[in-house]
Amino acid sequence: EFLGRSALVGAVASLVGVVVFQRFLQNVRLRTILTWTTLLSLPVSLSQLALVTHANRLVGISDKTLALLDSAVLSALSRVAFMPTLVLAARLCPAGVEAALFATLMSVYNAAGTLSTELGAALTAAMGVTETEYAGLPGLVLLCGLAALLPLPLAGLMDEAEPG
């Protein structure tokens, strides 16, 4: 039940992200959106550190509430970050190959998700986190949260791809 509720909250938040992008951000440069969504995602991602250490309970926030809030905010920010990529692809796409470009873009997006999952699993094993051993979990959460900053130096390349 809770996982279903979390998925629903994430889906609704993704729709909110689309609306926010459409109403307020569609004329903002891609680099700016990617930079700010990455930076705003960092503290939200690191809130998972509070969850695994139960620090959230010290301030009266239940695990389920924190997990739902985390899911909602990260889903909305992810959608806001992804929307300009789709818009840019639509602008740059030559007529007649829209479907092929979209399929290629989605394939790359899905491959990146799969690679991320595999790298996460390898990192989890390297940090010694298993189904029965959680001592390395706070370090893993911190490392994964900080790893989200790795693409920031490449954000400047996005402006070069945007049409003038």
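Residues numbered from 1 in each chain as written. Predicted model: local features only at pLDDT ≥ 70, side-chain atom pairs only at ≥ 80, totals over all residues. Heavy atoms only, no water.

Moving on: the pattern of salt bridges. For the coordinates displayed, the defined rule picks out two salt bridges. A salt bridge links Glu 1 to Arg 5; the shortest N-O distance between them is 2.5 Å. According to the relative accessible area criterion, Glu 1 is exposed, its value standing at 76%. Relative accessible area serves as the criterion here: at 40%, Arg 5 is assigned to the partly exposed category. (Salt bridge = Lys/Arg side-chain N within 4 Å of Asp/Glu carboxyl O. Buried < 20%, exposed > 50% of the residue type's maximum accessible area, 1.4 Å probe, protein only.)

We now examine the side chain of Ser 75. As for its placement among the helices and strands, Ser 75 is situated in helix H4 (residues 63–92). Those residues in contact with Ser 75 that lie beyond four places of it in its chain are Gly 10, Ala 13 and Ser 14. (Helix = DSSP H or I, 4+ residues; strand = E, 2+ residues; numbered from the N terminus. Contact = heavy atoms within 4.5 Å.)

On to the environment of Leu 8. By the element assignment, Leu 8 lies in helix H1 (residues 2–25). Between the alpha carbons of Leu 8 and Ala 72 there is a distance of 9.2 Å; along the sequence they are 64 residues apart.

So, about the packing of H4 against helix H5 (residues 98–126). Relative orientation of the contacting elements H4 and H5 amounts to 150 degrees, with a least axis distance of 11 Å. Regarding the angle of H4 to H5, the classification is roughly antiparallel. Along this stretch, H4 crosses H5, giving a crossing that reads as right-handed. Packed against H4, whose contacting residues are Phe 82, Thr 85, Leu 86 and Ala 89, the element H5 presents Leu 101, Phe 102, Leu 105, Met 106 and Tyr 109 at the interface. Residue classes in the contact of H4 with H5 are distributed as eight nonpolar, one polar and no charged. (Axes fitted to C-alpha atoms, helices over the stretch in contact; angles between N-to-C directions. Parallel < 35°, antiparallel > 145°, perpendicular 65-115°, else oblique. Left-handed = near helix turned anticlockwise from the far one by under 90°. Nonpolar A, V, L, I, M, F, W, Y, C, P; charged D, E, K, R; others polar.)

Here we come to the packing of helix H2 (residues 30–53) against helix H6 (residues 137–147). For the pair H2 and H6, the least separation of the axes is 9 Å and the interaxial angle reads 175 degrees. In this view, H2 runs roughly antiparallel relative to H6, as classed from their interaxial angle. In this structure, H2 contributes Leu 42, Ser 45, Leu 46, Gln 48, Leu 49, Val 52 and Thr 53 to the contact, and H6 contributes Leu 137, Pro 138, Val 141, Leu 142, Gly 145 and Leu 146. Grouping the constituent residues of the contact of H2 with H6 by class yields nine nonpolar, four polar and no charged.

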